[in-house]
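Listed below are the residues making up each chain.
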Amino acid sequence: MPQLMYQQNVLLRHQALGNFGQLLHAIARDPAMMRYLDTVNNRKGQPNENFAREVMELFTLGEGHYSEQDIREAARAFTGWSLDKDFQFVYRPNQHDNGDKTIFGQQGNFDGDDVLDMLLRKPQTARFVTIKLWKNLVSPTPNEADIQRLSALFYRDNYEIRPLLRAMLLTPAFWQSQGQLIKSPLELTVGTLVTFDLTPPDWRALAGLNRQLGQDVFNPPNVKGWPGGEVWINSATLLTRKQFLDRLSHDAAPIRNSFIKADGQMDEAGGRQARIQRLIQAGLRPIRLQPDEWAAIYHVRNAADSARLLLAVPPAQALPEGMSGAQAIAPLLLDPAYQVH
């Protein structure tokens, strides 16, 4: 259900920089997660192993760090977790298996929260999450020395996410990682619109475009999410990406270099005033890309300035000499280097 996926997205945004342990407990009770992984059908005498397996494989430990017995016994611990008619979490004691369970070598009458706490007590969980964040923020290839140091910090800080991210983003590897990650469809489309202060005339059309590019918003292919990386690029999606950027460039307002002062500096105040007047006249309706205004507001005097703001790595195609910052926008958007960050 789209509403439940939106609710899950709100949860992830709310806790993204908080505590991973709290997030893990919250996502285990999330209605979309519970429906997708059949937690609602997990009851005494008929344990469903889907969530127990995926919480270990995809969210905490990773493959090879648990046994089939751990999964079977953990599934028993999660029995009784369900949803009411309004899709809110509810615990049904009569459906919970109160027998002793043996999980990770420990025996007791464990429930679902006990299992999650066991997972959090394992340093492997801190390592697994650290590697996942590294691959999404730094590069596809983790640096082992950095991973060991960062995961130890994460574990020692009781899974606080903000300190981990701060430490990760201050590593030399992060500052040397430009161009190693392929932009997802949303990063490419919405990111481009945000960069140039644009609003699409129809958000549904933008959602449809991202669906064509392989990222159907609020409808991931499975509980693991989109694989990302090179999977985003194939002959069809690369063409559609180019068409989106080509259309944006083609429909842009004419470039007149209107806000370049006699001394070569940019007239930021003039660019901002022109934007305000245009928005007033348009009634705040979506409008096309305005290269001159953008160049003035962000002090983009020449092609090199545009390249520094728009690209993570040098352009694959050299730009002509003497090109202004505004004139460089279109060729830079169409350059292969714009596809990575």
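Reference entry: report on the structure contained in this document.

**Brief notes about the packing of aromatic side chains**
At step 1: Within the structure shown, the criterion is met by eleven aromatic pairs.
At step 2: Ring plane angle 85 degrees and centroid distance 5.4 Å describe the contact between F174 and W175, whose orientation is recorded as edge-to-face.
At step 3: Judged by centre distance (5.7 Å) and plane angle (45 degrees), the rings of W294 and Y298 are tilted.
At step 4: Take W294: its relative accessible area is 3%, and that puts it in the buried class.
At step 5: For Y298, a relative accessible area of 36% puts it in the partly exposed group.
At step 6: Every member of this aromatic cluster is reached through a ring pair, and the members are F20, F154, Y155 and Y159.
At step 7: Over the face of the ring belonging to F89 we find R29, whose NZ or CZ atom lies 4.9 Å from the ring centre.
At step 8: Here the basic side chain of K122 rests over the ring of F104, its NZ or CZ set 4.6 Å away from the ring centre.

**Considerations on the nonpolar core**
At step 1: F20, V55, M56, F104, L119 and F154 are the most contacted members of the largest nonpolar core, which totals 50 residues.
At step 2: Counting residues per element, this core draws most heavily on helix α2 (residues 20-28), at six residues.
At step 3: Residues contacting F154, with those up to four places away along its chain left out, are F20, A126, V129, T130, Y159, E160, I161 and L164.
At step 4: F259, A296, L311 and Y338 belong to the second largest nonpolar core, which has 30 residues in total.

**Comments concerning the environment of V217**
At step 1: Its place among the elements puts V217 in the loop between α12 (203-212) and α13 (235-250).
At step 2: Here V217 falls in the partly exposed class, since its relative accessible area comes to 30%.
At step 3: C-alpha separation for the pair V217 and P185, spaced 32 residues apart in sequence, amounts to 9.9 Å.

**Concerning helix α1 (residues 2-15)**
At step 1: Here α1 contains 14 residues, and its C-alpha end-to-end distance of 20 Å stays within 8% of the 20 Å for a straight helix at 1.5 Å per residue.
At step 2: Buried-residue contacts for α1 involve α2, α3 (31-36) and α9 (161-169).

**Brief notes about the side chain of R275**
At step 1: Within the secondary structure layout, R275 lies in helix α14 (residues 268-282).
At step 2: In terms of polar contacts, R275 uses its side chain to reach the side chain of D197, at 3.0 Å.
At step 3: Those residues within four positions of R275 in sequence are excluded, and the remaining contacts are D197, E293 and I297.

**Overview of a nonpolar patch on the surface**
At step 1: There is a patch of nonpolar side chains on the surface, built from Y6, V10, V217 and F218 and spanning about 330 Å² of accessible area.
At step 2: Along the polypeptide, F218 turns up in the loop between α12 and α13.

**Some remarks on helix α4 (residues 50-57)**
At step 1: Listing the buried residues of α4 in full gives F51, A52, E54, V55 and M56.
At step 2: Contacts from the buried residues of α4 go to α2, α3, α5 (68-77) and α6 (112-120).

Quick notes on the rules
- All residue numbers here refer to positions counted from 1 along the written sequence of the relevant chain.
- For this predicted model, a pLDDT threshold of at least 70 governs which residues receive local features, and a threshold of 80 or more governs which side-chain atom pairs are given and counted, while totals over whole chains, interfaces and linings are taken from all residues.
- Side-chain measures here rest on the full set of heavy atoms in the structure, leaving out hydrogens and waters.
- Aromatic pairing here means that ring centres of Phe, Tyr or Trp (its six-membered ring) are within 6.5 Å. Orientation follows from the plane angle: under 30 degrees is stacked, over 60 is edge-to-face, and everything else is tilted.
- Relative accessibility decides the category of a residue: with a 1.4 Å probe and only protein chains considered, values under 20% of the type maximum give buried, values over 50% give exposed, and everything between is partly exposed.
- For a ring to carry a charge above it, either NZ of a lysine or CZ of an arginine must fall within 6 Å of the ring centroid while also lying within 35 degrees of the normal to the ring plane.
- Put simply, a nonpolar core is a bunch of buried Ala, Val, Leu, Ile, Met, Phe, Trp, Tyr and Cys residues held in one set by side-chain atoms that sit within 4.5 Å of each other.
- Elements are defined by DSSP. Helices are runs of H or I of four residues or more, strands are runs of E of two residues or more, and each kind is numbered from the N terminus.
- By the convention used here, residues are in contact when the closest approach between their heavy atoms is within 4.5 Å.
- Given a helix with a known number of residues, its expected span is that number minus one, times 1.5 Å.
- Throughout this description, a polar contact denotes any pair of N or O atoms lying within 3.5 Å of each other; where both atoms belong to protein, one of them has to be capable of donating a hydrogen while the other can accept it, and for residues adjacent in sequence the pair is counted only when both atoms sit in side chains.
- Like charges within 9 Å and nonpolar side chains (Val, Leu, Ile, Met, Phe, Trp, Tyr) within 5 Å are joined into patches, using only residues over 30% in relative accessible area that form no salt bridge.
- Surface accessibility follows the Shrake-Rupley procedure with a 1.4 Å probe radius. Residue values consider only the protein chains on display as shielding.
- By convention in these notes, a salt bridge is any Lys or Arg side-chain nitrogen within 4 Å of a carboxyl oxygen on Asp or Glu.

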